[in-house]
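# Report on the structure
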Amino acid sequence: GKAGKKGPSDKEMDEYKQDFIDFDLNKDNQIDAQEVRSQFKGDLDQQELHQFFVDVDKDGTGTVTLKEYVDYAASLAAAPATA
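Analysis parameters
Residues numbered from 1 in each chain as written. Predicted model: local features only at pLDDT ≥ 70, side-chain atom pairs only at ≥ 80, totals over all residues. Heavy atoms only, no water. Helix = DSSP H or I, 4+ residues; strand = E, 2+ residues; numbered from the N terminus. Buried < 20%, exposed > 50% of the residue type's maximum accessible area, 1.4 Å probe, protein only. Lys, Arg positive; Asp, Glu negative; His and termini not counted. Salt bridge = Lys/Arg side-chain N within 4 Å of Asp/Glu carboxyl O. Contact = heavy atoms within 4.5 Å. Core = buried A, V, L, I, M, F, W, Y, C linked by side-chain atoms within 4.5 Å.

## Section: the side chain of E35
Relative to the helices and strands, E35 resides in helix α2 (residues 33-39). For the buried E35, which has no salt bridge, the nearest side chain bearing the opposite charge is K27, at an N-O separation of 7.5 Å. Setting aside residues up to four positions removed in sequence, E35 forms contacts with F23, D24, L25, N26, D28 and Q30.

## A short note on the side chain of D24
On the secondary structure map, D24 appears in the loop between α1 (10-23) and β1 (30-32). Buried charged residue D24 carries no salt bridge. Nearest counter-charge: K27, at 5.5 Å. Those residues in contact with D24 that sit more than four places away from it in its chain are N29, Q30 and E35.

## What to know about the nonpolar core
The biggest cluster of nonpolar side chains holds 16 residues, and the ones touching the most others in it are Y16, I31, V36, F52, F53, V64 and Y69. Contributing elements (two or more residues each) for this core: α1, α3 (46-56) and α4 (66-78). Here this core takes five residues from α4, the largest share from any one element. Among residues more than four places away in sequence, those in contact with V36 are F23, I31, L44, L49, F52 and F53.

Note that every value here comes from positions in space, so none of it alone points to a role or purpose.
Following this line, the structure appears as structure tokens:
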């Protein structure tokens, strides 16, 4: 990996935004637990869903904004992949 903290590229940003839009079923520009659950078709257990919100919902509102989602996705992309 390259040294220094760099934000996501424009291409990555577009992908993250598209993912966010896919999650945001009611188009209110935030993702709630219901939307996440329906997106994963019930493959997510309560614990995983809770952990996702702990990790992503930095301000603890119970909903994830585009900025929070992008920050999270970028941090995942920047993190070394664990096989």
